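Fold and contact review
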Amino acid sequence: MTTDTYQDRLERFRTGRWTAGVIGLGYVGLPLAVTAASRGLDVIGFDIDPRRVAALDGGTSHVEDVTDEELEAALAAGARFTADEAHLREADALFIAVPSPLGRNRQPDMSFIESAAATVARVARPGQLVSLESTTYPGTTEDHLLPAVRSAGLELDRDVWVTFSPERVDPGNVLQTGDIPKVVGGVSEASGAIGAAAYGRLVDNVHLVSTARAAELTKLLENTYRAVNIAMVNELAQVAHAFDIDIWEVVGAAATKPFGFQPFYPGPGVGGHCIPLDPQFLAWRARELRVTTRFIDLAEDINLHMPDYVTGRIAALLNERQRSIAGTRILGVGVAYKPNIADDRESPAIDVLRLLERRGAELGVLDPHVPPDRLERHGFTATEHADDLSEWDLAVVLTDHDAIDYAALAEQVELVFDTRGVYRRKGIDAPNVVSL
Ligand code: SAJ
């Protein structure tokens, strides 16, 4: 039995001093830990990777959205990072921010959540809040975290409280963790209240929902909404091309509607570790429950086929010039999955480049954010902006980083295929640029 009553705990989370334990120090966990420290909480950050912990202890952040200065400030405020899970016993709340990827057959890979739950089973103690942040299918928090705390001999709502609160990190966005409203849902009403009190110290705006499942589905709705709307505009881009209509002009025109329309933009596909993957968590679980998710399945199909469509458009462009992809020197511009970041996970740019390579193109890539050694690990030849780009026959803009000089690119390269509408958006009128 915890020494505190429920009311004492509630008050302590709401206004008292307590220690936040963060399990998983990646692009979600580290910002959470740094935010907690900046808001006066004691912080214990745990990660299974001792090298990552050592770097953090040395004041070096591996997460683009957390500067070394912000990390130093957290360390100065007393934040501690460790690879020894035993220290998590000191924490009053355990926030779990571990990966939730898909497996080889695009089914949920729950191994990281299961490993974190095993850690919780070993370190949980009376008085703790345990909150899962990793994006997952509805029911995960009950299925994995409740058994973990119970295996530690702890009783829900007597000794511990358990919630789900989806992460809403948007890499590269200037909004900080504390500024973004946080949805919280408990596996019990008391857990929801305790979770709302604790998160109220980390963010300015907490939105409490009735259950952990509702919070889990909230996240999946947010990202399925994006995947479906991106797929819809990707399909319309193909229709517009068949009608010889400029899709970028049409989306721009529709975006003038001040209500009832949010612009999404076509591209070479959908990358990142969220939008292409999260809806599959819902589809997979729904299939188990014999419920169809046709929008999710269709969106995945359209988005996954965009690299093929882009490659087909490039083949047609070259064909008009009595050329083929085979033997053509093609420069891929932008390999990261979205602008102004270095992350190339699930990047459709890589899929396009692989397809071009398989059809005999001689490839180079230009990406000022993705380190050359990482590009070389993909088997690509890294090209610098300062190089003489005129040696390339065609450049394909796959990710529209701000740091690229698009006017210079169009001046130096004979033909440019723009899959991101960046020449339209920047008002650069170049006769040798063709848009998706
Ligand atoms: N994309 C398009 N067209 C669009 C928007 C995006 O092709 O109109 C592509 C992007 O190029 C990228 C992919 O989709 O390859 C994902 O883009 P994203 O902007 O959704 O980027 P993420 O996955 O880093 O971040 C998203 C968050 N994005 C925004 O809210 C703008 C948000 O949905 C989640 O907080 C986050 O995933 C997450 O962690 O779930």
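This structure is a prediction, so every number in the text was calculated from the model and none was measured. (Residues numbered from 1 in each chain as written. Predicted model: local features only at pLDDT ≥ 70, side-chain atom pairs only at ≥ 80, totals over all residues. Heavy atoms only, no water.)

Notes on the packing of aromatic side chains
- Applying the stated criterion across every chain, the model contains seven aromatic pairs.
- Centroid distance Tyr137 to Trp284: 5.3 Å. Interplanar angle 50°. Geometry classified as tilted. Residue Tyr137 is located in the loop between strand S5 (129-132) and helix H6 (140-151), and its partner Trp284 is located in helix H10 (residues 278-288); the two are separated by 147 residues in the primary sequence.
- Three or more aromatic residues joined by ring pairs form one cluster here, namely Phe13, Trp18, Phe95 and Tyr199.
- Above the face of the Trp392 ring, Arg329 is positioned so that its terminal group lies 4.3 Å from the ring centre. (Phe/Tyr/Trp six-rings, centres within 6.5 Å; stacked < 30°, edge-to-face > 60°. Helix = DSSP H or I, 4+ residues; strand = E, 2+ residues; numbered from the N terminus. Lys NZ or Arg CZ within 6 Å of the ring centre and 35° of its normal.)

Some words on the domain arrangement of the protein chain
- Taken as a whole, the protein chain is organised into domain 1 (3-210) and domain 2 (227-435).
- For domain 1 and domain 2, the distance between their C-alpha centroids amounts to 35 Å.
- Counting residues at the interface gives 17 residues for domain 1 and 19 residues for domain 2.
- For the domain 1 and domain 2 pair, buried surface summed over both sides reaches about 1500 Å², with 63% attributable to carbon and sulfur atoms.
- In this assembly, domain 1 and domain 2 are joined by one salt bridge.
- In this structure, Arg106 and Glu300 form a salt bridge, with 2.5 Å as the shortest nitrogen-oxygen distance. (Domains from an automatic or database assignment. Contact = heavy atoms within 4.5 Å. Buried area = accessible area lost by both parts, 1.4 Å probe. Salt bridge = Lys/Arg side-chain N within 4 Å of Asp/Glu carboxyl O.)

Some thoughts on the sheet that holds strand S7 (residues 182-186)
- If you trace the eight strands from one edge of the open sheet to the other, you get S3-S2-S1-S4-S5-S6-S7-S8, paired in mixed fashion. Across the chains shown, the open sheet's two edge strands, defined by having one partner strand only, are strand S3 (80-82) and strand S8 (206-209). Each adjacent strand pair in this sheet contributes to an overall mean axis angle of 25°, direction not counted.
- In this structure, strand S6 (residues 161-164) lies alongside S7, joined through two bridges in antiparallel fashion. Residue Phe164 lies in a different strand from S7, and its bridge partner there is Gly185. (Pairing = 2+ DSSP bridges. Axes fitted to C-alpha atoms, helices over the stretch in contact; angles between N-to-C directions.)

Looking at the pairing of strand S10 (residues 362-366)
- Counting buried positions along S10 yields four of five residues, so the element is predominantly enclosed.
- Considered for its hand, the β-α-β crossover made up of strand S9 (residues 329-333), helix H13 (residues 348-358) and S10 is right-handed. (Buried < 20%, exposed > 50% of the residue type's maximum accessible area, 1.4 Å probe, protein only. Right-handed = clockwise from strand over helix to strand, strands pointing away.)

A word on H13
- Along H13, the residues classified as buried are Pro348, Ala349, Ile350, Val352, Leu353, Leu355 and Leu356.
- Residues of H13 that are buried make contact with helix H12 (306-319), S9, S10 and strand S11 (394-397).
- Following H13 by one or two positions, Gly360 adopts a phi angle in the positive range, close to 90°.

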